[in-house]
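Chain and residue survey
Listed below are the residues making up each chain.
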Protein chains: 2
Amino acid sequence: MAFEIPPSLGVYGDEAIAKDILSRIWGKRGVFTCTVANTRTSTIPGVSEAGDTPELTMFTPAADAELLINGRVTCMKGIPINPGGIPTPATLTMAALDLSGMPYYIVNGGCGVIPSVPYFYTGGECGEKITTGKSVRNVRESYEKGYKLGEMLARAYDFVVISESCAGGTTTALAVMMAMGVIKENLVSSSSPKNPKELKSRLVAEAFEAAGITPGSLAEDPLRAIECVGDPMQPANVGILCGAAKSVPVIVGGGTQLSAVIACALKLHPEIAGSIIHGTTRWMMNDPNSSLVKIMEGISDKVPIVYINVDYSESPYEGLQAYEWGFIKEGVGCGGSSVACVVATSGKVTSKDLVDKVHEIYRGIMGYD
Amino acid sequence: MAFEIPPSLGVYGDEAIAKDILSRIWGKRGVFTCTVANTRTSTIPGVSEAGDTPELTMFTPAADAELLINGRVTCMKGIPINPGGIPTPATLTMAALDLSGMPYYIVNGGCGVIPSVPYFYTGGECGEKITTGKSVRNVRESYEKGYKLGEMLARAYDFVVISESCAGGTTTALAVMMAMGVIKENLVSSSSPKNPKELKSRLVAEAFEAAGITPGSLAEDPLRAIECVGDPMQPANVGILCGAAKSVPVIVGGGTQLSAVIACALKLHPEIAGSIIHGTTRWMMNDPNSSLVKIMEGISDKVPIVYINVDYSESPYEGLQAYEWGFIKEGVGCGGSSVACVVATSGKVTSKDLVDKVHEIYRGIMGYD
């Protein structure tokens, strides 16, 4: 019988590849990883709203890791919120991990603020502002250890989910993809509906000048592109993706930040196309201010997007309704983990179940019960 | 039908508990962890033979980790050997991991020499000489993150194996167990048949004076005992053991170093007795110069020892035959991983298969093929 995609999931791109991959991992055992990292790019005023102030954006990755692993945040007060009190997408990730029973691990790609959790470490360090033109150290080491970690995870599970929490990461994604020439214009997303596109483009231009590179000049050297203008989440995740996808399917969970990871990985290991899907949210697909679809079309026609049809429009909480107004949309692997949850439970868990669980988690965190 | 223990395994102690645990995890999915750490105690001449010279003992844990994960050593030349060319017990661990297909992870408990592998990190740092009386920093942090890691592993697997590579670790084990009063005399093992018992006892006495403690004075505070006179492998492993054993069985793989871990864990969480077995080798059980049995009798009558009946006496290689003469005997979880291999494969892999695979691995490493 042909494999049917359930209504909780949507597919964009090559449906045959999507169905092939989904049918191979349907009801199977996956593992979720979230790579947390900092780039000081997030502290440039206006770049990131993943945090209540520019300085607080440095705490967001660690806080997300603590929330996922410990259920509470200790590196700062409260939980990561965007200005206006919109809660971190980790709330949806927590729901997906809870309902799937999937094991999950944090990877420290290179943090300035260290999360108080056990984590996998691949040798990365906190990233600098991209305007330095020397934004990531230890790129090859982190890639190679990430690759080995990908192999190790693929040994233990039927599929692997990778994701990120890295404030400022859409700007570094834009820079890396432009350095590689896979995009020519600013199509990346933002955690705000008022995507500060001009600022991001200006910073990328400054970064290119500092690094002595031009758009497309690093088409053949993705690790060098990361070194110049990327962030430390990227080499770790490129490594995990390449190391895992040669033997098991990988759900690359996230928005345009993860498109950059896919672009780098496919340049280093083109043979993994056909084993990866880009897992994200309906919110990301509907974003009028960015285009994951256009970006992915520039990278490969063999990486379908699979998104979770979550809908917060009926939510009684304004902080969650805001997701429907274009806030946040992605992050902490909320889309990838939700897709993985539907897959691992053979569709028994639906997008509706996920939203119900998010409400429960949100009430718990906010002390509403 | 009653569970039968296969001839590849031997049991000492409470056979009912051993059979109960083995039958619960027979043919199930386990995960192997090896916690690597350094204590500068190993550089005191005469303390450790886990390395060709006192200085090289600092490289042994990192080299063991690299051998397990990468199949080759990059932090030093060659592989860890004892004086005389006897290869690290990691060779047996590699055989067990290969034949079982079990996933495996390195935990960095606190290394001075960092292994070039991806590892779990729990916040520990390289340990000082125990004669300082302040031998381990961040004990509570490492214990708590280890505990969380144990919970995370137990979520993903049916049983967990913990182990160590920490040169100098029998001296710190002796010190911690004497501080807790669970042993009154020096019963710990050594990687040499000429166990330097007097030296170890003298160092422990010096350490106690420096720390201002007396035998048994820290009976109720195992984490403080580690802080004063232990090593950084201990708090990470005590944490993993306590965190995992509350929900799945744990095979505590190793010799007398792991007895100290069990002693600490049972003091903090006595309820885990009945869920743990001490997994080791026939060589360790036959050691005339130490007594794992006596030590464990002082700790608990509810933690059976299960050992693998490996026998190198017919080996064509002198370096391996030396194990029969009392060299090495344990380390890098060689006993625990071997027991786990028999268990995970429902007894399909025998101790004879393990020895054959060790020969293959040894030939590859030594370039004999």
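Residues numbered from 1 in each chain as written. Chains lettered and ligands numbered in written order. Predicted model: local features only at pLDDT ≥ 70, side-chain atom pairs only at ≥ 80, totals over all residues. Heavy atoms only, no water.

Turning to unusual backbone geometry, a few remarks are in order. The phi angle at Asn138(A) is positive, at roughly 55 degrees, despite the residue not being glycine. Inspection of the secondary structure puts Asn138(A) in the loop between strand 6 (119–121) and helix 4 (139–156). (Helix = DSSP H or I, 4+ residues; strand = E, 2+ residues; numbered from the N terminus.)

The subject of this paragraph is the relation of the copies chain B and chain A. For the pair chain B and chain A, the superposition axis carries a translation of 0.0 Å, the fit reaches an RMSD of 0.0 Å, and the rotation angle comes to 180 degrees. What the rotation and shift describe, once combined, is the action of a two-fold rotation axis. Rotation axis and chain B: the residue whose C-alpha lies nearest the axis is Phe120(B), separated from it by 2.2 Å. (Least-squares fit on C-alpha atoms with pLDDT ≥ 70 in both.)

Turning our attention to empty space enclosed by the protein. All names here are of chain B. This model, assessed by the stated rule, comprises one cavity of 30 Å³ or more. There is about 380 Å³ of room inside the largest cavity. Along its surface, the largest cavity is lined by 30 residues, and Ala 50, Ser 191, Gln 257, Glu 330 and Gly 331 are the ones closest to its centre. Mapped by element, the contributors of at least two residues to the lining of the largest cavity are helix 2 (60–70), strand 3 (81–82), strand 8 (164–165), helix 5 (169–180) and helix 9 (256–268). (1 Å grid on protein atoms, 1.4 Å probe; cavity = no way out; pocket = protein on both sides within 12 Å on 5 of 7 lines; lining within 4 Å. Points joined across faces, edges and corners; volume = space filled by probe spheres on them.)

This brings us to the packing of helix 3 (residues 90–100) of chain A against helix 14 (residues 351–366) of chain A. Residues and elements named next belong to chain A. Their axes nearest at 8 Å, the elements helix 3 and helix 14 cross at an angle of 115 degrees. In this structure, helix 3 crosses over helix 14, and the sense of that crossing is right-handed. Every residue of helix 14 that contacts helix 3 at Thr 91, Leu 92, Met 94, Ala 95, Ala 96, Asp 98 and Leu 99 is listed here: Asp 353, Leu 354, Lys 357, Val 358, Ile 361 and Ile 365. Of the residues that constitute the contact of helix 3 with helix 14, the class distribution is nine nonpolar, one polar and three charged. (Axes fitted to C-alpha atoms, helices over the stretch in contact; angles between N-to-C directions. Left-handed = near helix turned anticlockwise from the far one by under 90°. Contact = heavy atoms within 4.5 Å. Nonpolar A, V, L, I, M, F, W, Y, C, P; charged D, E, K, R; others polar.)

Before going further, it helps to spend a moment on the packing of aromatic side chains. Within this structure, the stated rule accounts for 23 aromatic pairs over all chains. Ring centres of Phe3(B) and Trp26(B) lie 5.0 Å apart, and the angle between their planes is 80 degrees; on these two criteria the pair is classed as edge-to-face. Of this pair, Phe3(B) sits in the segment before strand 1 (9–12) while Trp26(B) sits in the loop between helix 1 (15–25) and strand 2 (30–37), placing them 23 residues apart in sequence. Here a set of aromatic residues connected by ring pairs shows up, and it is made of Tyr105(A), Phe120(A), Tyr105(B) and Phe120(B). (Phe/Tyr/Trp six-rings, centres within 6.5 Å; stacked < 30°, edge-to-face > 60°.)

So, on to the pattern of salt bridges. Per the stated rule, a full pass over the model turns up 34 salt bridges over all chains. The shortest N-O distance in the salt bridge between Asp98(B) and Lys357(B) comes to 3.8 Å. Remark: Lys357(B) occurs in helix 14 (residues 351–366) and Asp98(B) occurs in helix 3 (residues 90–100); sequence separation between them is 259 residues. The shortest N-O distance in the salt bridge between Arg140(B) and Glu144(B) comes to 3.3 Å. Of this pair, Arg140(B) and Glu144(B) both sit in helix 4 (residues 139–156), four residues apart, which is roughly one turn of that helix. Look at Arg140(B) and you get partly exposed, because its relative accessible area is 49%. Each of Arg40(A), Glu125(A), Glu128(A) and Arg137(A) takes part in a single network of salt bridges with overlapping partners. (Salt bridge = Lys/Arg side-chain N within 4 Å of Asp/Glu carboxyl O. Buried < 20%, exposed > 50% of the residue type's maximum accessible area, 1.4 Å probe, protein only.)

All names here are of chain A. In terms of burial, helix 7 (residues 222–229) is largely enclosed, as six of its eight residues are buried. Restricting attention to buried positions, one finds in helix 7 the residues Pro 222, Leu 223, Ala 225, Ile 226, Cys 228 and Val 229. Taken together, the buried residues of helix 7 touch helix 4, helix 5 (169–180), helix 6 (197–211), helix 8 (233–245) and helix 9 (256–268).

It is worth spelling out the interface of chain B and chain A at this point. In this complex, chain B contributes 26 residues to the contact, which on the side of chain A involves 26 residues. Interface of chain B and chain A: buried area, both sides summed, is about 2300 Å²; carbon and sulfur atoms make up 59% of it. Across the contact surface, chain B and chain A share zero salt bridges. Connecting chain B to chain A are 11 residue pairs in polar contact (both at pLDDT 80 or more). Looking at the side of chain B that touches chain A, the elements with two or more residues in it are helix 2, helix 3, strand 5 (104–110), strand 6 (119–121) and helix 4 of chain B. Split into classes, the residues belonging to the side of chain B that touches chain A amount to 17 nonpolar, four polar and five charged. Examined bridge by bridge, strand 6 of chain A and strand 6 of chain B share three bridges and lie antiparallel to one another. In the strand pairing of strand 6 of chain B, Tyr119(A) is matched with Tyr121(B). (Buried area = accessible area lost by both parts, 1.4 Å probe. Polar contact = N/O pair within 3.5 Å; in protein donor to acceptor, adjacent residues only side chain to side chain. Pairing = 2+ DSSP bridges.)

Here we come to the environment of Gly279(B). Residues and elements named next belong to chain B. Mapping Gly 279 onto the fold places it in strand 10 (residues 276–281). Residues Gly 279 and Pro 196, 83 residues apart in the sequence, show an inter-C-alpha distance of 24 Å. Other than its neighbours up to four places away in sequence, Gly 279 contacts Ile 251, Val 252, Gly 253, Gly 254, Val 306, Glu 330, Gly 335, Gly 336 and Val 339.

For the rest of this paragraph, the subject is the nonpolar core. Ranked by size, the top nonpolar core spans 276 residues in total, and within it Leu68(A), Tyr105(A), Leu241(A), Ile276(A), Tyr105(B), Leu241(B) and Ile276(B) carry the most contacts. Once residues lying within four places of it in the same chain are set aside, the contact partners of Ile276(A) are Ile21(A), Leu241(A), Ala245(A), Val250(A), Val252(A), Ile262(A), Leu266(A), Lys302(A), Val303(A) and Pro304(A). (Core = buried A, V, L, I, M, F, W, Y, C linked by side-chain atoms within 4.5 Å.)

To continue, consider helix 13 (residues 334–344) of chain A. All names here are of chain A. Along helix 13, 11 of the 11 residues are buried, which leaves the element largely enclosed by surrounding structure. Residues of helix 13 that are buried: Cys 334, Gly 335, Gly 336, Ser 337, Ser 338, Val 339, Ala 340, Cys 341, Val 342, Val 343 and Ala 344. Just beyond helix 13, the residue with positive phi is Ser 346, at close to 55 degrees.

Attention now goes to the pairing of strand 9 (residues 250–253) of chain B. All names here are of chain B. By the alternation rule, side chains of strand 9 split into Val 250 and Val 252 and Ile 251 and Gly 253, which are all buried. Two elements, strand 7 (residues 159–162) and strand 9, share three bridges in a ladder whose sense is parallel. Within the sheet, the bridge partner assigned to Val 161 lies in strand 9 and is Ile 251. Of the pairings in the sheet, the one linking strand 9 to strand 10 comprises four bridges and is parallel in character. Residue pairing for strand 10: Val 250 is matched across the bridge by Ile 276. You can see the chain leave strand 9, run along helix 9 and come back into strand 10, and the turn it takes is right-handed. (Right-handed = clockwise from strand over helix to strand, strands pointing away.)

What follows covers the pairing of strand 2 (residues 30–37) of chain A. All names here are of chain A. Summarising burial for strand 2: eight of the eight residues are buried, a large majority. Residues Gly 30, Phe 32, Cys 34 and Val 36 of strand 2 are buried on one face, and the alternating residues Val 31, Thr 33, Thr 35 and Ala 37, pointing to the opposite face, are buried as well. Bridging between strand 2 and strand 7 (residues 159–162) involves three bridges; their strand directions are parallel. Counted as the bridge partner of Phe 32 is Val 161 from strand 7. Note that strand 2 and strand 8 (residues 164–165) share two bridges and pair parallel. Its bridge partner being in strand 8, Thr 35 is matched across the sheet by Glu 164.

Attention now goes to the side chain of Thr57(B). Residue and element names in this part refer to chain B. Tracing the backbone shows Thr 57 in the loop between strand 2 and helix 2. What makes Thr 57 buried here is its relative accessible area of 0%. With residues near it in sequence (within four places) discarded, Thr 57 still touches Asn 38, Ser 42, Thr 43, Ser 48, Ala 50, Gly 51 and Ala 167.

To continue, consider the layout of surface pockets. Residues and elements named next belong to chain A. If you add up the space inside the largest pocket, you get close to 450 Å³. Together, 36 residues line the largest pocket, and Ala 50, Ser 190, Ser 191, Gln 257 and Glu 330 are the ones closest to its centre. Secondary-structure elements contributing two or more residues to the lining of the largest pocket are helix 2 (60–70), strand 3 (81–82), strand 8, helix 5 and helix 9. In terms of residue count, helix 5 provides more of the lining of the largest pocket than any other element does, three residues in total. Its residues placed into classes, the lining of the largest pocket shows 11 nonpolar, 19 polar and six charged.

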